[in-house]
Amino acid sequence: MLQVTARVLAVPLSVVALGVATRYLGTHDYGVLTTAVVFVGLFDTCTDLGVSTAIIRRAAGRDGDTALPRLVGVNLGFSLVYALPLALVASGVGWFAYAGQPQVRLAVLVVSAGLVFSSIASCFDPVFDVRVKYSGVAAAELGSRILTVAAALVVATTNAGLLAMCAVQVLPPLLRMIISAIAAGRLVRFRPTFAPAETLRLLRESLPFTVIILIAIVYWRADGVLLSMLSSPEQVAAYGLALQLAFSLTLLPQVFSRSALFTINESYVTDQARFRQAVDRGYRFLLLVAAPVAVLGVPLAGRIVHAVGSSSFTPAATPVLRLFFVAVAVSFLTGIVSDALVAARQQRFLSRLSMANLVLNVALNAVLIPLFGAVGTGISLLVTELSGVVCTQPRLRRSGVGGLPLGYLPHLAPGLAAALLALWATWSLPLAVPLACAGVAYVLGAWAGGAIPADMRTALLAALRPRSIAPTGDLPTVDVSVE
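On a predicted model such as this, the values are computed, not experimentally measured, just so you know.

Engineer: How would you sum up the overall build of the protein? Please name residues and give values.
Structural biologist: Each helix and strand counted, the protein has 20 helices and zero strands in total. Buried residues in the protein amount to 53% of all 483 residues. Within the protein, contacts between residues at least 6 apart in sequence are counted, and of these 83% link residues at least 24 apart. Counting every atom, the protein has about 20,200 Å² of accessible surface; 68% of that belongs to carbon and sulfur.

Shown next, in the form of structure tokens:
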């Protein structure tokens, strides 16, 4: 709940920063900025290499408390060595990839500096995930958003230019690195450890997770890179605006997945019934928050684009945002599906499926982008997200997890109907009013329709009162999925 609060507060700050950037840069320069951010994002997998997941899984064992400080220190030592070379490689590849586009080249060079800070900051993540203490994470999230808004406003008011706005993208990982280091140091005593043999063993153990993360990063970034090479900066700008708006909503599944990762891994080893129940409750909670994104996002897309990006973005970005809203709603489920498969030691299957979806996504984008521009990226993403959820169900059943709780969907219908009615009744008012009214109507309708049963209410209320939760090992079943 601490993470949710911080990220909910961060969403409007992100929208403000996005609005400042789009209105200041315009469609062409914002397309250049988006190109740089998406391209550098291809190298994000190298900031962690899946080591954090391997550390969490080791810490779930008997000697986790004693092993954690050493593992974090080894990871930190390794990251300090390779972070700068990683940024230089990203800059060099971008310099050759965008030959003849000097603005894009310089933008990639500036944005690549953020990889150094992201690499170091990722080393502290296992501390928060194992200890289930997220005050530092929440402070870093909220602080980085505030800093981004302030810096973007300074750039816009001083007319500092495109490269200065690119430099703004480097500030959030820098602040996250500083705050995460301080917060993690209060939970676990560690220091950088340069141990090549241990590092090699850790990297070898994390290799399956590295492959999964690499595929996921390329999957999420390939469409933007292909769009930047096959279409105009204006189409890239429409894609970038829609992507930022839609994926700001992924905060809830990200928080849920991160908070539940240790519990899901631990319960698979120690209590299969608890594991199955955690995944099933996770499905229901994520369906509860995903449904309004898909249903309400379609009519609201045009108004949101106009409010954030001005009328110049509306024609191109609106249809893309509609598709992204639906795709994002589907992606809510893929997080817990991946967590469950990793806990069940199904990394190879997940890697193969992820690679197949990546190939399908790239192929669809290569065909559809020349025909439909940024809309083609939305179609490709929706198809492959649906494929990922559907194709994992048989393998999850073999691991003891029940199928998608489709019987839960009718309980969401009253809330969705009430939200659409509230949206229609307040449509002529400023955008904040229909958004708020639809949100309240959905919660009340879902409650009345039985979509928020007593056990879910108990778990959510327990999360709001962390001290009321029993110590680990004596957790009530209803609290497991939320913790």
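Let's pick the thread back up.
Engineer: Explain the confidence of the model for the protein to me, and be specific about the residues and the numbers.
Structural biologist: When pLDDT is averaged across the protein, the result is 82; 88% of the residues are at 70 or more. The weakest mean pLDDT in the protein belongs to helix α20 (residues 477–480) at 33; the strongest belongs to helix α4 (residues 102–111) at 94. Counting interchain partners and residues more than four positions distant, the pLDDT-below-50 stretch residues 466–483 has 35 contacts.

Engineer: Explain unusual backbone geometry residue by residue, including any values.
Structural biologist: The backbone of Asn159 shows a phi angle near 55 degrees, a positive value even though the residue is not glycine. Residue placement: Asn159 occurs in the loop between α7 (135–158) and α8 (162–168).

Engineer: If you had to explain helix α9 (residues 171–187) to someone new, which residues and values would you point to?
Structural biologist: Its 17 residues place the ends of α9 25 Å apart at the C-alpha level, agreeing with the 24 Å of an ideal helix rising 1.5 Å per residue. Of the residues making up α9, those classed as buried are Pro172, Pro173, Met177, Ser180, Ala183 and Ala184. Each buried residue of α9 lies within a common arc of 155 degrees when the element is viewed along its axis, so the set occupies one face.

Engineer: I'd like to hear about the layout of surface pockets, residue by residue, with values.
Structural biologist: Of the pockets and cavities examined, the second largest pocket occupies roughly 300 Å³. Taken together, 17 residues form the lining of the second largest pocket, with Leu287, Ala329, Val330, Leu333 and Leu409 sitting closest to its centre. Contributing elements (two or more residues each) for the lining of the second largest pocket: α13 (272–309), α14 (314–343) and α16 (374–398). Per-element accounting of the lining of the second largest pocket gives the leading share, five residues, to α13. Here the lining of the second largest pocket is built from residues that sort into 17 nonpolar, no polar and no charged.

Analysis parameters
Residues numbered from 1 in each chain as written. Predicted model: local features only at pLDDT ≥ 70, side-chain atom pairs only at ≥ 80, totals over all residues. Heavy atoms only, no water. Helix = DSSP H or I, 4+ residues; strand = E, 2+ residues; numbered from the N terminus. Buried < 20%, exposed > 50% of the residue type's maximum accessible area, 1.4 Å probe, protein only. Contact = heavy atoms within 4.5 Å. Areas by Shrake-Rupley, 256 points an atom, 1.4 Å probe, with all protein chains shown as cover. pLDDT = per-residue confidence, 0-100. Expected span 1.5 Å × (residues − 1). Arc of directions from axis to C-beta. 1 Å grid on protein atoms, 1.4 Å probe; cavity = no way out; pocket = protein on both sides within 12 Å on 5 of 7 lines; lining within 4 Å. Points joined across faces, edges and corners; volume = space filled by probe spheres on them. Nonpolar A, V, L, I, M, F, W, Y, C, P; charged D, E, K, R; others polar.

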